[in-house]
Amino acid sequence: MTDIFEAIQKTAKRIKKAIDVKDIGYSQQANASGETQLQLDIKCDMIIEEEFSQVASIHTIASEEKEKEMLLHEDGKYFIAYDPLDGSSLVDVNLSVGSIFGIYENAFGAKNMVASCYVVFGPRVEMVFAHNKTKLHLLQGEDFEFVKEIHLDEKGKLNAPGGTQKNWTPYHKEMIDGLFGEGYRLRYSGGMVPDLHQILLKGGGLFSYPATSDLPKGKLRKLFEVFPFAFIYATAGGEAIDGRVDLMELGYEHIHDTSPCFFGSKYEINRVKEVYARNT
Ligand code: AFP
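The rules behind each value
Residues numbered from 1 in each chain as written. Predicted model: local features only at pLDDT ≥ 70, side-chain atom pairs only at ≥ 80, totals over all residues. Heavy atoms only, no water. Phe/Tyr/Trp six-rings, centres within 6.5 Å; stacked < 30°, edge-to-face > 60°. Helix = DSSP H or I, 4+ residues; strand = E, 2+ residues; numbered from the N terminus. Buried < 20%, exposed > 50% of the residue type's maximum accessible area, 1.4 Å probe, protein only. Polar contact = N/O pair within 3.5 Å; in protein donor to acceptor, adjacent residues only side chain to side chain. Near = heavy atom within 4 Å. Areas by Shrake-Rupley, 256 points an atom, 1.4 Å probe, with all protein chains shown as cover. Nonpolar A, V, L, I, M, F, W, Y, C, P; charged D, E, K, R; others polar. Domains from an automatic or database assignment. Contact = heavy atoms within 4.5 Å. Buried area = accessible area lost by both parts, 1.4 Å probe. Salt bridge = Lys/Arg side-chain N within 4 Å of Asp/Glu carboxyl O. Expected span 1.5 Å × (residues − 1). Pairing = 2+ DSSP bridges. Axes fitted to C-alpha atoms, helices over the stretch in contact; angles between N-to-C directions.

Asks: Tell me about the packing of aromatic side chains, and name the residues and values.
Replies: Overall, the coordinates contain 13 aromatic pairs when judged by the stated rule. Aromatic pair Phe79 and Phe108: ring centres 5.3 Å apart, planes at 90°, arrangement edge-to-face. In this pair, Phe79 sits in strand 5 (residues 78–86) while Phe108 sits in the loop between strand 6 (97–105) and strand 7 (113–121), placing the two residues 29 residues apart along the sequence. Accessibility expressed as a relative area gives 10% for Phe79, which makes it buried. Consider the rings of Phe262 and Tyr276, whose centres lie 5.1 Å apart with planes at 65°: the pair is edge-to-face. Here Phe262 is found in strand 15 (residues 261–264), whereas its partner Tyr276 is found in helix 6 (residues 266–279), with 14 residues between them in sequence. In this structure an aromatic cluster arises from ring pairing among Tyr118, Tyr188, Phe207, Phe229, Tyr233 and Phe263.

Next comes the structure, spelled out in structure tokens:
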């Protein structure tokens, strides 16, 4: 696992340099989810593919930017699903973005996840790696230095509600409004990595991306976004559900499958469970 941890650090340093250029250009290609790809997405995908190709323990990779999985080393045991640059539409307005990595053993799927990691590119470059514990590292010059372990409190103060509000169900809206009524503060940038990072580091709260009338299966992708963060939140003492079920209990059929998702500390997730049990 150390070799993978080190390879991710190398990708982070290269991606940081790729972001820090004047022209991040658009390509003509569309990714597997039908979105027009930023040239930068493709660059970041290539950087990760190159670095992971050097790591013999990695069997197969799947990228949010690739339609199909790619075999790297027949004898490797790790399967890594990654989103090279999540929130890339925020780069041109200079908001934080991130890379997400789900590390699976022997095959993809939540039940096979053994570690998870993300890198936030903000004013600083930080990396959170969850294995047995969830640990924060900060890029200092050429090296990542360990900062601290991350633990979520039982209850937080932040509310990050995703999805187009006019397409929310009435009970979802009532639940979100209820949290604001209790004094929760709105924190939503449109980048999953910084939004979930903020909740983790400020002790807790709720990030939600529910089923909506236009996206009944949610927007966020299970293998690249949902499972990696579910693993990180659980390891940090929080919880992650699809409304009713623990996200780590879910299967997947296609590597680009999506799921509604809720990540938070215990108090807020219990609230989601109560509301969704009554209404779904
Ligand atoms: P982009 O990569 O297209 O910017 O999307 C980012 C994202 O996948 C995730 O990082 C955000 O949490 C979510 O989409 C935001 O979606 P909404 O704009 O629908 O709230």
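Back to the write-up after that little detour.
Asks: Kindly report on the environment of Glu49, identifying the contributing residues and their values.
Replies: Looking at where Glu49 falls in the secondary structure, it is placed in helix 2 (residues 39–53). Judged by its relative accessible area of 23%, Glu49 is partly exposed. Sequence separation of Glu49 and Tyr82 is 33 residues, and the distance between their C-alpha atoms is 10.0 Å. At 2.5 Å, the side chain of Glu49 forms a polar contact with the side chain of Lys66.

Asks: So what's going on with the site of the ligand? Residues and values would help.
Replies: As a structural note, the neighbourhood of the ligand is formed by 14 residues, with Asp86, Ser89, Tyr188, Met192 and Tyr209 the closest of them. Separating an oxygen atom of the ligand from a backbone N or O atom of Met192 is a distance of 2.7 Å. Between an oxygen atom of the ligand and a side-chain N or O atom of Lys219, the distance comes to 2.8 Å. Contact with the protein chains covers 78% of the free accessible surface of the ligand, which is 480 Å². In terms of residue class, the shell around the ligand is made up of five nonpolar, six polar and three charged.

Asks: I'd like a description of the domain arrangement of the protein chain, backed by residues and values.
Replies: Once the domains are mapped, the protein chain shows domain 1 (2–149) and domain 2 (158–279). Of note, the centres of domain 1 and domain 2, computed from C-alpha atoms alone, are 22 Å apart. Taken together, the contacts link 43 residues of domain 1 with 27 residues of domain 2. Regarding the contact of domain 1 and domain 2, the summed buried area is about 2,600 Å², with carbon and sulfur atoms giving 67% of it. Counting across the domain 1 and domain 2 interface gives one salt bridge. Linking domain 1 with domain 2 are seven residue pairs in polar contact (both at pLDDT 80 or more). Broken down by secondary-structure element, the contributors of at least two residues to the side of domain 1 that touches domain 2 are strand 3 (58–63), strand 5, strand 6, strand 7, strand 8 (125–130) and strand 9 (134–140). In terms of residue count, strand 7 provides more of the side of domain 1 that touches domain 2 than any other element does, eight residues in total. Of the residues contributing to the side of domain 1 that touches domain 2, the split by class is 21 nonpolar, 10 polar and 12 charged.

Asks: Go over helix 2 with me, naming the residues and quoting the values.
Replies: With 15 residues, helix 2 extends 21 Å between its outermost C-alpha atoms, agreeing within 8% with the 21 Å of an ideal straight helix rising 1.5 Å per residue. For helix 2, the set of buried residues is Leu40, Asp41, Ile42, Cys44, Asp45, Ile47, Ile48, Glu51 and Phe52.

Asks: Could you give an account of the sheet that holds strand 3, with specific residues and numbers?
Replies: One open sheet holds the eight strands; their spatial order is 4-3-5-6-7-8-9-10, and the pairing between them is mixed. Either end of the sheet is taken by a strand with one partner, and the two such strands are strand 4 (70–71) and strand 10 (143–149). Summarising the sheet, strand 8 and strand 9 pair through five bridges and their orientation is antiparallel. In the strand pairing of strand 9, Met127 is matched with His137. Set on the sheet, helix 4 (residues 192–201) makes contact with strand 5, strand 6, strand 7, strand 8, strand 9 and strand 10; between it and strand 7 the angle comes to about 105°. Strand contacts of helix 5 (residues 222–235): strand 3, strand 5, strand 6, strand 7, strand 8 and strand 9, with the helix running at about 100° to strand 7, the strand carrying the most contacts.

Asks: Would you mind going over the sheet that holds strand 12 (residues 185–186) in detail, with residue names and values included?
Replies: Taken together, five strands build an open sheet; the order of strands is 12-11-13-15-14 and the sheet is mixed. In this open sheet, the two edge strands, each paired with only one partner strand, are strand 12 and strand 14 (239–241). Pairing of strand 14 with strand 15, which is carried by three bridges, proceeds in the antiparallel orientation. Each bridged residue has a counterpart across the sheet, and for Glu239 the counterpart in strand 15 is Gly264.

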